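The lines below spell out each chain.
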Amino acid sequence: MTRQPLSFDAFDEKISPRPEETDFDRVVGNALSRRGFLGVMSFGLGAFVAGTTGLTRTALAATDRFGFEGIAASTADTITLPEGFAWKPVVLWGDPLFPDAPAFDPETRGTADTQARAFGDNNDGMSIFLRDGRHVMAVNNEYTNLETLWTAPETPSEDDIRKGMMAHGVSIFEVRQGAEGWEVVTDSPLNRRITPETEMDITGPAAGHALLRTEADPEGRTTRGTWNNCGNGETPWGTYLTCEENFNGYFSSSDPAQEIAPDLARYGISAEDWGYGWAQIDPRFDIARHPNEPNRAGYVVEIDPFDPAARPKKRTALGRFKHENTACTIAPDGHAVVYLGDDERGEFLYRFVSDGVHSATGDNADLLETGRLFVARFAEDMTGEWVELTPEATGMEAAEILIHTRQAGSAVGATTMDRPEWVAVNPARPEAFVALTNNRNRGLKPNAGGDETPVNGPNPRAGNEYGQILRIRPDDEDHAATGFTWSLFALAGNPEVHDDAFAGSGNITAGNMFNSPDGMAFDTTGLLWIQTDGNYSNAGDFAGQGNNQMLAGDTVTGEIRRFLVGPRECEVTGLCISPDRRTMFVGIQHPGEEGGSTFPGGGLPRSGVFAVTRRDGGPIG
């Protein structure tokens, strides 16, 4: 048994193929030409960029806000940075987080027990927290490459399978600056691994619903574990939000002929898993025996990073889907607002508004317990509205909306999107940016629920393999407002290959081009940092784009500069900045996923968190 040689996207397509042709085939020919593209849209390409017109590839406003000179694309098997910057590993897959855990062994890759006390694999979203002079990092460990984790991928033992489980979840650990830079404090009492076996509470309006009850939990209020934790978020009250994304790939059926219920199929559940084999050692992952168990995954989990004894809480009020990240802010009236993307082709963009209000000095522990959940509908006139998902609007029970949130979005006619990945809220002005990473099915196939995916305003290209970045400005400068306006900050593309819509928007040049924007975060100065998880072939439509990368965008002028290029076959994902702004922590995931990297140590490739600093010790951004 080996891991499926497929991405999660390709796996979903394999188990749930959509019709090859739809009523929207007619738009494809039009959208593939620049003339047709501009005809489909009601405004010119320049209007996409920064909400302004007249911005061209040769007339971008030059600024010194960036603090670095943009670098060229690269295919080197290392982290490439501008002159004057350096990088250093902070923690790598398998590094011990506790004093009794052994050092990583590249020959055996450890055991299930050692992995449970070590940094997990394929880290993604991360945050750093400061309290009483102590820095604690919380880092998602999304999934693992079994060909690397297991020494005998064709014949894994039970311990191998459990080791794969222990490589998932969240790693929480204290860090400090030593003589050689940032390092893990292995003897800190704050260190903690949260894995697929960690007990946690199910909270919110869906807790206790019949769809969440199982033989092990007849009350439907407690569960074990979190996995495939992709993006993250943090709250103004100091908690960590970890997001369950492709949870479906871990369930399978002992009955290969089992007919999958439509509500499970909408989330990609099938009789086949992604090759992990968890049902072999834990029956809760066998949907033939426990059909409700998948309903207990796909949530945002809130964690107190400074209390190792605190139980994580699955916040059902934020809905159930393939969560990418959360972006939390406080509305003018004190309500917490959380933006949420569902990372699958043709799925939706959501927003949560809390019932309670934030207190700067009081207890906000349950602010995400209850609230109103909305889904976005976009209009061609560059306006939009948040549609509340209520029983009256959807025809569903209130708790059922939070368990079958995708179906609720379909019921109210939400706009199908090009895979909403990270959302970032600008600290300098009331606006949010959304990474729409790509969607090769746009205009060609419906989503998993049968909703058509026509070319539309925020998703303007059929067969979109490059992606775009969307800007949303709420009405009345209030993130809790019902209405908003929208524009496109950037259309990724390749102006060296294309002279039509796939060349990208005016702020995309031969010197900064990229594909598949994914992770995004603002720094305190208002620069938007953009990370990519796309095609790194450096050939064909992607010629000249090199390895995956990280860029910075000035959302006022529209200028974008490339700051970092990752090693071969990696995704650059996860970003946080030290409170003193002198260190940027960046995640490198799955280097050498196709066997073409030895990063970072020249041997077995290992994902990890890396500290990026200025050589002169100055602030970044």
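Residues numbered from 1 in each chain as written. Predicted model: local features only at pLDDT ≥ 70, side-chain atom pairs only at ≥ 80, totals over all residues. Heavy atoms only, no water.

(A) Structural detail: the sheet that holds strand β28 (residues 608-614). Ordered in space as β1-β28-β27-β26, the 4 strands form an open sheet in which the pairing is antiparallel. The sheet is open, and its two borders are formed by β1 (85-92) and β26 (571-577), each paired with just one other strand. Neighbour to neighbour, the strand axes of the sheet diverge by 30° on average, direction disregarded. In this structure, β26 lies alongside strand β27 (residues 584-589), joined through 5 bridges in antiparallel fashion. By the bridge assignment for β27, Cys-576 is matched with Phe-585. (Pairing = 2+ DSSP bridges. Helix = DSSP H or I, 4+ residues; strand = E, 2+ residues; numbered from the N terminus. Axes fitted to C-alpha atoms, helices over the stretch in contact; angles between N-to-C directions.)

(B) Just the pairing of strand β17 (residues 383-388), in detail. Bridge count for strand β16 (residues 371-378) against β17 is 5 bridges, and the pairing is antiparallel. Looking at β17, one finds that Ala-376 is bridged to Trp-386. Linkage of β16 to β17, two consecutive antiparallel strands, is achieved through a turn of 4 residues, within which Met-382 is found at a positive phi near 70°. Across 3 bridges, β17 lies against strand β21 (residues 483-491) in antiparallel orientation. Looking across to β21, one finds that Thr-383 is bridged to Thr-485.

(C) Representation of the packing of aromatic side chains within the structure. Scanning all chains against the criterion turns up 33 aromatic pairs. Through a chain of ring-to-ring contacts, three or more aromatic side chains come together here, namely Tyr-143, Trp-227, Tyr-250, Phe-251, Trp-274, Tyr-276, Trp-278 and Phe-285. The side chain of Lys-314 reaches across the aromatic face of Trp-227, ending 5.7 Å from its centre. The side chain of Arg-320 reaches across the aromatic face of Tyr-267, ending 4.1 Å from its centre. (Phe/Tyr/Trp six-rings, centres within 6.5 Å; stacked < 30°, edge-to-face > 60°. Lys NZ or Arg CZ within 6 Å of the ring centre and 35° of its normal.)

(D) Representation of the sheet that holds strand β24 (residues 549-554). In space, the 4 strands of this open sheet follow the order β22-β23-β24-β25, with antiparallel pairing throughout. Lying at the two open borders of the sheet, with one neighbouring strand each, are β22 (517-522) and β25 (560-565). Here the strands of the sheet are splayed against their neighbours by 25° on average, with no regard to which way each runs. Two strands pair when backbone bridges link them, and strand β23 (residues 527-532) and β24 are joined in this way by 5 bridges, in the antiparallel orientation. By the bridge assignment for β24, Gln-531 is matched with Met-550.

(E) Representation of unusual backbone geometry in the model. The peptide bond linking Phe-599 to Pro-600 adopts the cis configuration, its omega dihedral lying at 5°. Tracing the backbone shows Pro-600 in the loop between β27 and β28. Backbone geometry at Met-382 places phi at a positive 70°, although glycine is not the residue there. Phi is positive for Asp-476, which is not a glycine, with a value near 60°. Among the secondary structure elements, Asp-476 is positioned in the loop between β20 (468-474) and β21.

(F) Here's a closer look at the pattern of salt bridges. Taken as a whole and judged by the stated rule, the model has 34 salt bridges. Between Glu-174 and Arg-134 there is a salt bridge whose closest N-O contact spans 2.9 Å. Residue Glu-174 is found in strand β4 (residues 169-178), and its partner Arg-134 is found in strand β3 (residues 134-141); the two are separated by 40 residues along the sequence. Residue classification places Glu-174 among the buried positions, given a relative accessible area of 9%. (Salt bridge = Lys/Arg side-chain N within 4 Å of Asp/Glu carboxyl O. Buried < 20%, exposed > 50% of the residue type's maximum accessible area, 1.4 Å probe, protein only.)

(G) A look at the confidence of the model for the chain. In this model, the chain carries an average pLDDT of 92, and 91% of its residues clear a pLDDT of 70 or more. Low pLDDT, under 50, characterises residues 21-62; the stretch is placed with 99 contacts to residues that sit more than four places away or in other chains. (pLDDT = per-residue confidence, 0-100. Contact = heavy atoms within 4.5 Å.)

(H) Region of the structure containing the pairing of β4. Burial analysis of β4 places 7 of its 10 residues in the buried class, which makes it a mostly covered element. Relative to strand β6 (residues 192-194), β4 is paired through 3 bridges, and the arrangement is antiparallel. By the bridge assignment for β6, Ile-172 is matched with Arg-192. Sheet analysis places β4 next to strand β5 (residues 181-184), joined by 4 bridges and oriented antiparallel. Paired with Val-175 across the two strands is Val-184, which belongs to β5. Linking two consecutive strands that pair antiparallel, namely β4 and β5, is a turn of 2 residues.

(I) Expanded view of helix α6 (residues 158-166). Of the positions making up α6, those classed as buried are Asp-160, Ile-161, Lys-163, Gly-164, Met-165 and Met-166. Contact partners of the buried residues in α6: α4 (112-115), α5 (146-149) and β6.

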